[in-house]
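Each chain is listed here by its residues.
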Amino acid sequence: MSRDARIGALLAVLAAALIALPLAANSYLLSVATLVLYFAYTGQAWNVMMGFAGQLSLGHALYVGLGAYAAAALFTQFGIGPWAGMWLAMALCVAAGVAIGFLAFRFGISGVYFALLTIAFAEFTRIGFDHIGWLGGPGGLFLKVEAHKTADLANLRGGQTMFYYVMLALASGAFALCAWLLRSRAGYYWRAIREDEEAARALGINTFRWKLLAVAISAAMTSLAGVFFAFYYNNLFPEQIFHISQSIEIILGPIVGGVGTLFGPILGAAMLTTLADALNNLVAAMGWDIPGVKQVFYGVILLLVVMFVPNGIWPPIAKWLGLGRGS
Amino acid sequence: MALLEVRALSKSFRGLRAVSGASFDVPEGGLVALIGPNGAGKTTIFNMAAGVYSPDEGQIAFGGRRIDGLRPHQICAAGIGRTFQIVKPFAGLSVLDNVIVGALQREPGVPGARARALGILDRLGLAAKQDLPASSLTLPDRKRLEVARALATGPRLLLLDEVMAGLRPTECDQMVAVFRELNRGGLTILLIEHVMRAVMALAQQVVVLHHGEIIARGAPAEVVRDPAVLECYLGEDTEV
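Residues numbered from 1 in each chain as written. Chains lettered and ligands numbered in written order. Predicted model: local features only at pLDDT ≥ 70, side-chain atom pairs only at ≥ 80, totals over all residues.

Take helix 11 (residues 244-257) of chain A next. Residues and elements named next belong to chain A. Helix length check: helix 11, at 14 residues, gives a terminal C-alpha distance of 21 Å against a target of 20 Å (1.5 Å per residue), a fit within 8%. Along helix 11, the sharpest change in direction is near 25 degrees and occurs at Ile 251; proline Pro 254 comes one to four residues later. In terms of residue burial, helix 11 counts as a mostly covered element, since 11 of its 14 residues are buried. Of all the positions in helix 11, only Gln 246, Ser 247, Glu 249, Ile 250, Ile 251, Leu 252, Gly 253, Pro 254, Ile 255, Val 256 and Gly 257 are classed as buried. Positive phi shows up at Gly 258, right after helix 11, with a value of about 140 degrees. (Helix = DSSP H or I, 4+ residues; strand = E, 2+ residues; numbered from the N terminus. Expected span 1.5 Å × (residues − 1). Bend = angle between axes of the 7 residues up to and from the residue. Buried ≥ 20, exposed ≤ 12 C-beta atoms within 10 Å, placed from the backbone.)

Residue and element names in this part refer to chain A. In contact at an axis separation of 6 Å, helix 3 (residues 61-78) and helix 9 (residues 207-233) are set at 55 degrees when each is read in the N-to-C sense. In this view, helix 3 runs oblique relative to helix 9, as classed from their interaxial angle. By crossing handedness, the relation of helix 3 to helix 9 is classed as right-handed. Contacts between helix 3 and helix 9 involve Tyr 63, Val 64, Gly 65, Leu 66, Gly 67, Ala 68, Ala 71 and Ala 72 on the former and, on the latter, Ala 219, Thr 222, Ser 223, Leu 224, Ala 225, Gly 226, Val 227, Phe 229 and Ala 230. Looking at the contact of helix 3 with helix 9 residue by residue, the classes come out as 12 nonpolar, five polar and no charged. (Axes fitted to C-alpha atoms, helices over the stretch in contact; angles between N-to-C directions. Parallel < 35°, antiparallel > 145°, perpendicular 65-115°, else oblique. Left-handed = near helix turned anticlockwise from the far one by under 90°. Contact = placed C-beta atoms within 7 Å. Nonpolar A, V, L, I, M, F, W, Y, C, P; charged D, E, K, R; others polar.)

Each side of the interface is counted separately: chain A has 17 residues, and chain B has 22 residues. Contributing elements (two or more residues each) for the side of chain A that touches chain B: helix 7 (185-195) and helix 8 (197-202) of chain A. Tallying contributions element by element places helix 7 of chain A first for the side of chain A that touches chain B, with six residues. Broken down by class, the residue content of the side of chain A that touches chain B amounts to seven nonpolar, three polar and seven charged.

Structural data, given as structure tokens:
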């Protein structure tokens with residue numbers, strides 16, 4: 001089998017298993033799978049900026065939060081559903097991302113300083129939302145929760161199975177988009193910028209514009225995760241959704257799985273989310289009370305990855321499967 | 001009218017005058033070498049032509065159009081390709097992908113750019129290594145890749161910044177043959193070079209820079225006999 005055929009076969013098996021999952025899994029397992037897909041999706045979105053274009057964002061919670069609040073506010077205050085609201089969410093996040101990117105790239109802020117800037121914007125947006133009384137302030141913004149026997153897809157009101165399929169569609173769409181981007185002119189230019197920005201400029205690449213494009217696409221994708229978050233959990237607190245721990249959790253999947261690869265964010269999210277959940281269950285079953293056990297677990301995993309597979313766990317697996325250097 | 005016209009160019013860094021009133025031409029189809037001792041201002045002139053710095057005074061015209069002060073990507077789009085003295089391969093990308101990035105400047109679609117890149121790799125003898133990561137190349141191959149990438153952008157003028165440095169004499173001769181052939185194909189070349197073996201073999205005209213000023217110009221054989229040039233290279237009391 002050729003390399004492309006093997007990747008196609010892998011994708012077909014994965015897609016069939018994911019589509020059939022609700023037939024076999026109970027509601028609890030389905031909620032874990034939904035969370036896996038959620039982090040596969042946000043990881044994929046973050047990867048466009050860092051993995052492809054080399055721009056480290058440690059503040060992606062900003063886009064989750066803005067997207068979530070935009071769609072939730074439209075729904076609770078004006079009765080506008082998520083499929084219309086998501087456009088405002090995307091527009092708002094693209095505007096925020098482009099504004100941050102413009103400031104940073106225009107004034108030559110790069111590397112860790114750029115990362116600090118992304119944290120700063122997420123943090124003061126968090127503090128800002130604490131003071132917007134209209135959206136609940138620190139007390140939170142709530143969507144009405146009712147028992148749903150049937151899935152109301154138009155308003156994203158329904159049971160676990162509906163949310164699972166919505167997240168599966170989002171994650172699949174993100175995967176397809178990233179695969180296409182990586183093979184396009186943008187993918188080549190982003191990787192050139194990531195490897196050596198000065199050389200990229202000398203080859204005629206307007207690096208300022210292409211970096212802004214990466215931020216805009218990443219922010220737009222992440223905003224949809226926020227819309228999903230709002231309608232799935234039905235409650236939003238600035239302290240939670242804009243918090244830096246949210247940003248960190250988004251980037252753990254792709255780092256563990258393989259930064260800049262297409263399968264890395266998926267594999268990383270699947271591993272971290274399921275193992276962390278199993279660990280939580282184990283701790284609960286043993287009757288122990290260990291606060292922060294998940295964070296400690298993430299720390300240990302990260303340590304092991306950095307020590308033994310610094311490029312993430314996907315590249316060696318890809319090599320073993322004969323799929324070539326991390327695609 | 002020459003393809004590249006440098007007129008009364010000056011540039012200072014914190015009071016140090018790196019280039020002072022330099023003027024020279026690179027004729028269309030020519031092969032001109034810019035030489036001079038370390039710190040003479042060669043790379044500064046080069047970087048002004050490539051858009052890295054803006055000149056303090058003077059102008060640079062390319063094909064009759066002023067290019068001083070343009071940004072590097074605009075200079076590339078105007079038709080000037082450059083290499084870096086310290087090679088800058090996209091280390092994580094394959095040799096082919098490195099050249100495709102350059103080729104996308106002329107071919108907006110990836111398939112077209114790939115075809116163009118393959119042709120250039122073939123001309124530079126890198127075709128067999130197209131799938132290797134650029135990080136695995138030896139220094140001579142990295143220098144060749146640097147040239148291939150610049151050529152892929154379809155330049156009318158190629159700026160070469162010490163591409164011979166660090167090469168063995170036989171490798172240097174191979175590079176000389178490559179540039180001679182490119183020049184014969186109509187490509188105009190301006191090179192900065194320390195390796196006199198390459199300069200003598202390649203250049204039709206040599207411009208000598210010392211303390212930011214041009215002290216001599218002419219055919220290679222004349223320039224190396226010029227007393228002013230000997231003085232700056234060997235010291236004034238030396239008898240030759």
